[in-house]
Amino acid sequence: MTRQQTAKPRWSELAVGCAVTEAGSARYNRTGDWRSSRPVWEHAHCVRCGVCQMFCPEGCIQFEPPKDFPAADLEYCKGCGICVHECPTACIRMVAEEE
Amino acid sequence: MEERIGMESSIAIAEVVGRCDVDVVAAYPITPQTHIVEHLSEMVANGELKAAFVPVESEHSAMSVCCGTAAVGARTYTATSSQGLALMHEILFIASSLRLPIVMAVANRSLSGPISIWNDHSDVMSDRDVGWVQIFAENGQEAVDLTIWAFRLAEDRRVSLPVMVHFDGFIVSHMIEPILMPDHETVRGYLPPFEPLLRLDVDRPVSIGPVGIPDIYTESKFLQHKLVVDAYQPIVETLEGFGKYFGRHYHPVETYRAEDAEVLLCTMGSLSETAMTVVDRRREKGHKVGLMRIRLWRPFPFEDIYRAVGAVQTIGVIDRAVSFGGPPGPVASELKAAFYRKPQQPRLVEFIAGLGGRDVALADFERMFDVLLSTRKTGQVPPPAFVGLRE
Ligand code: SF4
Ligand code: SF4
């Protein structure tokens, strides 16, 4: 899932009504670019309830093998902190992105 | 087959919309458009018309529903007027920019305030720049014909734009007229099934109406302008096709006794019919006066205007709306803009008339022609005048 590199379209290349005609093309918008801080998990307290995954507006939290703990795909995690706010065991915290 | 019947224009329009095999009608009733949507809802309720009638809670919702149904490929119709058109305003841009071929009747009526349910063109002029094709019918027959035509043009794949069919509220909408009504099979023979350029379809997902970042907005507006301008050729062709099929001929600009005219009066909508009577009277007296009737308002038919005006040096323009603090007549400013591109400009005399249902009587036209003839003689263009104003 890499960012699609396309030239800016000419007027004659626009789709009808500027529609987006490719299903799933939102994946080209790497919302991770906006992030100023990222979520960091403390697995010791995580009960794997999946609340963070459900609330994440980017749908970028996956339960990763081998231990099946949640983790954010940083290509898309925009650093909103909703997962931190919603986690019932307070096992996620936001850490500032350094330069 | 066509049958000549005496019928109120609104009912005739509704009947013919049914014969166009419309799939969805989403509308909110507003005077003087009410009879059209009332009758359509009756036709659906009686099972005579196999369509969905969506009784929405406002015109804003009506146009929103229309956008949705046109986007799934349903042939969509609505009708409105005045404040109703104004309430639709923001969605009108969505319909045109998404290229949804909705057909809408506008029974032209003034805007508040003071509250007025009567006829003028202030609703049209407030929605001049919404990117729709806009055409005027002068009587019930024309409203019926241009409604059928509007579906054909809107759904033409070169165009795929929404179309407004304008006609004067009450004066046309409530008039009982002899109308040649084509039967269902005849309309079907003219109107092919709707094949949209793009449709919302779960099997082939698309997103319609996404954000347009600064990188593409300029291109999208250029394209939109071009599409409306380029609709001109398909408009002329389809009107010609309509004429061949139905035997009734329509043109972007029509003239009346203009061939050797020395002065021309320019009208839009039903006033043209009264104006013709006065042109005839003047011709009997040997006055070389003629009429130029603008039928197509958007795209603006520049070349037809130049052709109609020809070498005429004095033109009067009747505007039925006011651009407050502006030129002040919207049609007059359009003509001025058109002739500014030319090496020579005719003298343009501006009249504001027929506001909020004020009658424009034969005597008013006589006075306007007097002004035009004296302008031609003296070369002095009087300032814009509100016809019949009590001073
Ligand atoms: S919400 Fe908290 S406890 Fe639940 S799975 Fe996510 S990180 Fe673990
Ligand atoms: S910070 Fe926001 S975007 Fe990132 S994982 Fe948490 S909820 Fe998702």
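Everything numeric in this text was worked out from a predicted model, so none of it was measured.

## Describing the overall build of chain A
Point 1. Broken down by element type, chain A carries two helices and four strands.
Point 2. Secondary structure of chain A in N-to-C order comes out as β-α-β-β-α-β.
Point 3. Relative to the globule expectation of 13 Å for 99 residues, the C-alpha radius of gyration of chain A, 17 Å, shows a markedly less compact shape.
Point 4. Seen along its three principal axes, the alpha-carbon backbone of chain A occupies a region of about 55 × 30 × 25 Å.
Point 5. Taking the contacts inside chain A whose residues are at least 6 apart along the sequence as the reference set, 63% of them involve residues at least 24 apart.
Point 6. In the structure as shown, chain A presents an accessible area of about 6700 Å², 50% of it carried by carbon and sulfur atoms.
Point 7. For chain A, the centre of its 11 positive side-chain charges and the centre of its 13 negative side-chain charges are spaced 3 Å apart.

## Focus: the overall build of chain B
Point 1. In terms of regular secondary structure, chain B is built from 13 helices and 15 strands.
Point 2. Here the C-alpha atoms of chain B give a radius of gyration of 21 Å, agreeing with the 21 Å that 2.2 N^0.38 yields for 391 residues.
Point 3. Counting only C-alpha atoms, chain B reaches 70 × 55 × 45 Å along its principal axes.
Point 4. The burial tally for chain B puts 56% of its 391 residues in the buried class.
Point 5. Expressed as a percentage of contacts within chain B between residues at least 6 apart in sequence, the contacts between residues at least 24 apart total 81%.
Point 6. A total of about 16300 Å² of accessible surface is found on chain B, and carbon and sulfur atoms cover 55% of it.
Point 7. Side chains of chain B carry 37 positive and 50 negative charges; the gap between the two charge centres is 7 Å.

## Remarks on the domain arrangement of chain B
All names here are of chain B.
Point 1. By domain assignment, chain B separates into domain 1 (2-246) and domain 2 (253-386).
Point 2. One C-alpha centre belongs to domain 1, the other to domain 2, and the line joining them spans 28 Å.
Point 3. With 28 residues of domain 1 in contact, the opposing surface of domain 2 contributes 26 residues.
Point 4. Together, the buried faces of domain 1 and domain 2 total about 2100 Å²; carbon and sulfur atoms form 55% of this surface.
Point 5. A salt bridge links Asp-129 to Arg-298, with the nearest nitrogen and oxygen atoms 3.9 Å apart.
Point 6. Scanning the region where domain 1 abuts domain 2 turns up 13 residue pairs in polar contact (both at pLDDT 80 or more).
Point 7. Of all the elements in the fold, those that place two or more residues in the side of domain 1 that touches domain 2 are helix H5 (122-126), strand S6 (133-136), helix H6 (140-155), helix H8 (214-230) and helix H9 (232-246).
Point 8. In terms of residue count, S6 provides more of the side of domain 1 that touches domain 2 than any other element does, four residues in total.
Point 9. Of the residues belonging to the side of domain 1 that touches domain 2, the class tally is 15 nonpolar, seven polar and six charged.

## Some thoughts on the site of ligand 1
Point 1. The full set close to ligand 1 counts 15 residues, and A:Trp41, A:Cys46, A:Cys49, A:Cys52 and A:Cys87 are the nearest of them.
Point 2. In the shell around ligand 1, the residues fall into twelve nonpolar, two polar and one charged.

## Brief notes about the packing of H6(B) against H9(B)
Residues and elements named next belong to chain B.
Point 1. The N-to-C vectors of H6 and H9 enclose an angle of 130°; their axes lie 10 Å apart at closest approach. The angle between H6 and H9 falls in the class oblique. By crossing handedness, the relation of H6 to H9 is classed as right-handed. Judged by residue contacts, Asp-145, Leu-146, Ile-148, Trp-149, Arg-152 and Leu-153 of H6 engage Pro-234, Ile-235, Thr-238, Leu-239, Phe-242 and Phe-246 from H9.
Point 2. When the residues that make up the contact of H6 with H9 are grouped by side-chain class, the tally is nine nonpolar, one polar and two charged.

## Describing the interface of chain A and chain B
The accessible area lost on association of the parts is a frequent measure of interface size.
Point 1. Every contact between the two is made by twelve residues of chain A and, on the other side, 17 residues of chain B.
Point 2. Carbon and sulfur atoms supply 76% of the area buried between chain A and chain B, which totals about 1300 Å² over both sides.
Point 3. Here B:Asp215 ties to A:Lys8 by a salt bridge, and the two come within 3.4 Å at their closest N and O atoms.
Point 4. Run the count over chain A and chain B and you get two residue pairs in polar contact (both at pLDDT 80 or more).
Point 5. By residue class, the composition of the side of chain A that touches chain B is eight nonpolar, two polar and two charged.

## Points about the packing of aromatic side chains
Residue and element names in this part refer to chain B.
Point 1. A complete count under the given rule lists eleven aromatic pairs over all chains for this structure.
Point 2. With a centroid separation of 5.5 Å and 85° between ring planes, the pair formed by Tyr-190 and Phe-242 is classed as edge-to-face. Taken together, the positions of Tyr-190 in helix H7 (residues 184-190) and Phe-242 in helix H9 put the pair 52 residues apart, joining distant regions of the chain.
Point 3. The class of Tyr-190 is buried, set by a relative accessible area of 4%.
Point 4. On the basis of relative accessibility, which here comes to 0%, the residue Phe-242 falls in the buried class.

## What about helix H11 (residues 302-309) of chain B?
Residues and elements named next belong to chain B.
Point 1. When H11 is considered as a whole, its buried residues turn out to be Asp-304, Ile-305, Tyr-306, Ala-308 and Val-309.
Point 2. The inward-facing, buried residues of H11 contact H9, strand S9 (253-256), strand S10 (263-267), strand S11 (289-294), strand S13 (314-319) and helix H12 (330-340).
Point 3. Just past H11, the residue Gly-310 takes up positive phi, approximately 55°.

## Re unusual backbone geometry
Residues apart from glycine generally show negative phi values, whereas peptide bonds are mostly found in trans.
Point 1. Following B:Thr31, the chain continues into B:Pro32 via a peptide bond in cis, with omega recorded as 0°.
Point 2. One can find B:Pro32 in the loop between strand S2 (24-27) and helix H2 (34-45).
Point 3. Of note in this structure, A:Cys18 is not a glycine but carries a positive phi near 60°.
Point 4. Residue placement: A:Cys18 occurs in the segment before strand S1 (37-41).
Point 5. At B:Arg99, a position not held by glycine, the phi torsion is positive, near 60°.
Point 6. Structurally, the position occupied by B:Arg99 is in the loop between helix H4 (82-97) and strand S5 (103-108).

## Focus: the pairing of S10(B)
Residues and elements named next belong to chain B.
Point 1. Of all the five residues making up S10, five are buried; the element is thus mostly covered by neighbouring parts of the structure.
Point 2. Pairing of S10 with S11 involves five bridges; the strand directions are parallel. In the sheet register, Thr-267 faces S11, and the bridge partner there is Arg-293.

Reading the values: rules and limits
Residues numbered from 1 in each chain as written. Chains lettered and ligands numbered in written order. Predicted model: local features only at pLDDT ≥ 70, side-chain atom pairs only at ≥ 80, totals over all residues. Heavy atoms only, no water. Helix = DSSP H or I, 4+ residues; strand = E, 2+ residues; numbered from the N terminus. Rg over C-alpha atoms; globule rule 2.2 N^0.38 Å. Contact = heavy atoms within 4.5 Å. Areas by Shrake-Rupley, 256 points an atom, 1.4 Å probe, with all protein chains shown as cover. Lys, Arg positive; Asp, Glu negative; His and termini not counted. Charge placed at Lys NZ, Arg CZ, Asp CG, Glu CD. Buried < 20%, exposed > 50% of the residue type's maximum accessible area, 1.4 Å probe, protein only. Domains from an automatic or database assignment. Buried area = accessible area lost by both parts, 1.4 Å probe. Salt bridge = Lys/Arg side-chain N within 4 Å of Asp/Glu carboxyl O. Polar contact = N/O pair within 3.5 Å; in protein donor to acceptor, adjacent residues only side chain to side chain. Nonpolar A, V, L, I, M, F, W, Y, C, P; charged D, E, K, R; others polar. Near = heavy atom within 4 Å. Axes fitted to C-alpha atoms, helices over the stretch in contact; angles between N-to-C directions. Parallel < 35°, antiparallel > 145°, perpendicular 65-115°, else oblique. Left-handed = near helix turned anticlockwise from the far one by under 90°. Phe/Tyr/Trp six-rings, centres within 6.5 Å; stacked < 30°, edge-to-face > 60°. Pairing = 2+ DSSP bridges.

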